[in-house]
Amino acid sequence: MGIDTKQLSVGKLLNSVNEVFRIPMYQRSYDWNEEQWNALWEDLMQIQGNETHFLGTIITISAERQRGLIYHEVVDGQQRITTLLIILIAIRDFTQMFDTERAAYIDKYFLRSSTMDETKSKLLSGKKESKVFGRLIDSKPIFEEHKHSQVVKAYNFFFKKLKGGHLDWQIIYQRLVDSFDTVLMVTDSYHSAFRLFETLNNRGLVLSSVDLIKNYLLSKINLNERLVAECIDLWDSIIENLDEIDTVRQNKVRFFRHYLFSREAGVVPFPKLYTRYQRLIDNHENDLVAVLDDIWVKSELYVKIYNSGFGIKEIDEYLSKIVKIEATTSYPLLLKAFSANVDKQQIVKILKAIEIFTLRRSICNISTKDVDHIYNHLAVEAFKSKNPGNYIVKYLSQKTPTDIEFVNSFRTKDFYRNNQTKYILEMIEESLTNNTREKTINSRTDVHIEHIMPREIGRTRTRDLYGSWQDYLGEAATDYKNYVNKIGNLTLLGSELNLKASNHPFEEKKKNYRLSNIKITQNICQVPEWTFQTIQQRGLVFAKIAKEIWNFNHI
């Protein structure tokens, strides 16, 4: 691996007269935003005296020399180089009003590279930014369609900072070119560059896995421009699909993990995901477009699963339940099921089985460490069967707690205010109303989980008016924490009624419960007093109902 490593200031990195940095087509678009711009600006503001600030490494391939210009293909660091040059463009434009010589110097030595035969921008940007970046370099007006570009936004951000005058522009300029350092690593081949990129970035950080996968895949086809362009289009479509669900910045990584589990045997932890994809890519090196095409198809399917967006009411309702009971680890199986050409009846059977399996194990506090292996096995093996739905039901039922275990855990478990608890209470309510669906409470955000015996019994605000739960429970009050979160002490109540019920004593609460349309809440009004024994009895009733709701025999 041939590597030339130099620690350079930004000034020395950019002022070589004949070097050009080129961002290859496969790199992602410029996507830094105000958070990163602000951080960089704050670093500039805080440098004192002879201090320096390290910006990180930049990895390039010294790919070619044309007409006296040396082109460095940027493998890692394109966001930083682009931002540094945008700041220098902003400084050039700002200083044009005060110091035309300095502006001309910045333009000639930092923003461009020249030989006797040719002049090029210091940075040849990726396909999406090339036009807008070029117009900024050349001080040309920005077209209307480019005004929302991140490049233009970055330029406006830094120009506004310079205009704010919190620090003299000359100080900012000197700090940028003299006190910001980077390490430039120049390699002699794609192989060396990508190996180095892996070494520096693959440290088990899951958020870098997707970029690593992309870079490795495209490095395999870098010499075929047509193929690169086709794969980039597919990759961009995949990422665009996943952007819809990437609310926690890890859903993209989860998709790539779930995709693997849906197609081949073997479970891989997040830190090893990239290594597994290397193997997949190596095994399909002659058919990478087909692999990417399959990932693209599955990404569209994954978004539909995640958003319950198939447009088939029964299926979408079950997919929504999967999220409520936190069963998204089943997505590899669902990816396979929805792409395996099985009918609606089979899909519903699979979804029901997942719900029962997940909820029973959750109530019984069964470890989840084997869940990925279970769903991976089912995704790979179940659809070899003539009846995959039956295969899945049988397999999951064998790994699920028995009726006795479930009932005992259900009535004694502590339940907390979360989506799963609310869903369980909603399903018990639906069971008691004979599934008439006259009320669809599971989609209403204004229905809350109510603790009949309140979580805090010592509040004195209403004691003078109504008395207190401490007085009501008497000597038994010291044991209330053992009962307050049991399922028998929970119900559902509309938000306004929930506020009115507050921590009031039982008789006062019942006045609000009578106004509720929810049967499990109305039924509480028939109880003369609320004791620990009442909670236990009601919990056992709910446990028996739950056993019938979540039962493989009813699929």
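Presented here is a report on the structure given in the accompanying data block. Quick caveat, the model's predicted, so the values are computed rather than measured.

**Section: the overall build of the protein chain**
Step number 1: Helix and strand counts for the protein chain stand at 26 helices and 10 strands.
Step number 2: Within the span of the protein chain, comprising 555 residues, buried residues form 52% of the whole.
Step number 3: Of the contacts formed within the protein chain by residues at least 6 apart in sequence, a portion of 73% connects residues at least 24 apart.

**Overview of the pattern of salt bridges**
Step number 1: Per the counting criterion, the structure on display carries 23 salt bridges.
Step number 2: Close ionic contact of Glu507 with Lys510 constitutes a salt bridge, the shortest N to O distance being 3.2 Å. On the criterion of helical spacing, the pair formed by Glu507 and Lys510 is a turn pair, its members being 3 residues apart in helix H24 (residues 506-513).
Step number 3: On the basis of relative accessibility, which here comes to 45%, the residue Glu507 falls in the partly exposed class.
Step number 4: Residues participating in the shared-partner salt-bridge network are Arg92, Asp93, Asp107, Arg112 and Asp138.

**Considerations on the packing of aromatic side chains**
Step number 1: Applying the stated criterion to the full structure yields 24 aromatic pairs.
Step number 2: Aromatic side chains Tyr216 and Tyr274 sit 6.1 Å apart centroid to centroid with 85 degrees between the ring planes, which places their arrangement in the edge-to-face category. With Tyr216 in helix H9 (residues 209-219) and Tyr274 in helix H12 (residues 273-283), the pair connects residues that are 58 residues apart, well separated along the chain.
Step number 3: Residue Tyr216 is classed as buried on the basis of its relative accessible area of 11%.

**Looking at the nonpolar core**
Step number 1: Counting 92 residues, the largest nonpolar core has Phe256 and Phe410 as its most contacted members.
Step number 2: The element contributing the most residues to this core is helix H16 (residues 344-363), with 10 residues.
Step number 3: Ile86, Leu88, Ala90 and Phe157 belong to the second largest nonpolar core, which has 50 residues in total.

**Some remarks on helix H13 (residues 288-306)**
Step number 1: With 19 residues, H13 extends 26 Å between its outermost C-alpha atoms, agreeing within 8% with the 27 Å of an ideal straight helix rising 1.5 Å per residue.
Step number 2: Every buried residue of H13 is listed here: Leu288, Val291, Leu292, Ile295, Lys298, Ser299, Leu301, Tyr302, Val303 and Ile305.
Step number 3: Among the residues trailing H13, Ser308 stands out with phi positive, at a value near 50 degrees.

**Overview of the environment of Ser339**
Step number 1: Here Ser339 shows up in helix H15 (residues 331-339).
Step number 2: When the C-alpha atoms of Ser339 and Leu301 are compared, they prove to be 8.1 Å apart, with 38 residues separating the residues in sequence.
Step number 3: Dropping the residues within four chain positions of it, Ser339 is found in contact with Lys298 and Leu301.
Step number 4: Polar contacts involving the side chain of Ser339 include one to the main-chain carbonyl oxygen of Leu335, which spans 2.8 Å.

**So, the side chain of Arg175**
Step number 1: Positionally, Arg175 belongs in helix H7 (residues 169-179).
Step number 2: The side chain of Arg175 sits in the buried core without any salt bridge; Glu51 is the nearest counter-charge, 8.1 Å away.
Step number 3: There is a polar contact of 3.0 Å between the side chain of Arg175 and the backbone oxygen of Met45.
Step number 4: Setting aside anything within four residues of it in sequence, one finds Arg175 in contact with Leu44, Met45, Gln46, Ile47, Leu167 and Phe180.

**Examining helix H20 (residues 419-432)**
Since there are 3.6 residues in each turn of an α-helix, residues three or four apart along the chain are aligned in direction.
Step number 1: Along its 14 residues, H20 runs 20 Å from first to last C-alpha, staying within 8% of the 20 Å computed at 1.5 Å per residue.
Step number 2: The N-cap of H20, judged by a side-chain oxygen 3.2 Å from the amide nitrogen of Gln420 a few residues on, is Asn418.
Step number 3: Downstream of H20 by one or two residues, Asn434 has phi in the positive range, about 60 degrees.

**Some thoughts on unusual backbone geometry**
Step number 1: We note that Ser139 has phi near 55 degrees; this positive angle belongs to a residue other than glycine.
Step number 2: Assessed through its relative accessible area of 48%, Ser139 is described here as partly exposed.
Step number 3: The phi dihedral of Ser308 is positive, around 50 degrees, even though this residue is not glycine.

**Digging into the environment of His448**
Step number 1: In this structure, His448 sits in strand E9 (residues 447-451).
Step number 2: Looking at His448, the relative accessible area reads 32%, which means it is partly exposed.
Step number 3: Counting along the chain gives 30 residues from His448 to Asn418, while the straight-line C-alpha distance between them is 9.9 Å.

**Here we look at the pairing of strand E4 (residues 69-76)**
Step number 1: For E4, the tally of buried residues reaches 8 of 8 residues, placing the bulk of the element in the interior.
Step number 2: Note: strand E2 (residues 19-22) against E4, 4 bridges, orientation parallel. From the neighbouring strand, Arg22 faces E4, where its bridge partner is Glu73.

**Digging into the side chain of Thr491**
Step number 1: By the secondary structure assignment, Thr491 is in strand E10 (residues 490-494).
Step number 2: Look at Thr491 and you get buried, because its relative accessible area is 0%.
Step number 3: In this structure, Thr491 is in contact with Leu425, His448, Ile449, Glu450, Ile452, Ile520, Thr521, Ile524 and Arg538, ignoring residues within four places of it in sequence.

About the cut-offs
Residues numbered from 1 in each chain as written. Predicted model: local features only at pLDDT ≥ 70, side-chain atom pairs only at ≥ 80, totals over all residues. Heavy atoms only, no water. Helix = DSSP H or I, 4+ residues; strand = E, 2+ residues; numbered from the N terminus. Buried < 20%, exposed > 50% of the residue type's maximum accessible area, 1.4 Å probe, protein only. Contact = heavy atoms within 4.5 Å. Salt bridge = Lys/Arg side-chain N within 4 Å of Asp/Glu carboxyl O. Phe/Tyr/Trp six-rings, centres within 6.5 Å; stacked < 30°, edge-to-face > 60°. Core = buried A, V, L, I, M, F, W, Y, C linked by side-chain atoms within 4.5 Å. Expected span 1.5 Å × (residues − 1). Polar contact = N/O pair within 3.5 Å; in protein donor to acceptor, adjacent residues only side chain to side chain. Lys, Arg positive; Asp, Glu negative; His and termini not counted. Pairing = 2+ DSSP bridges.

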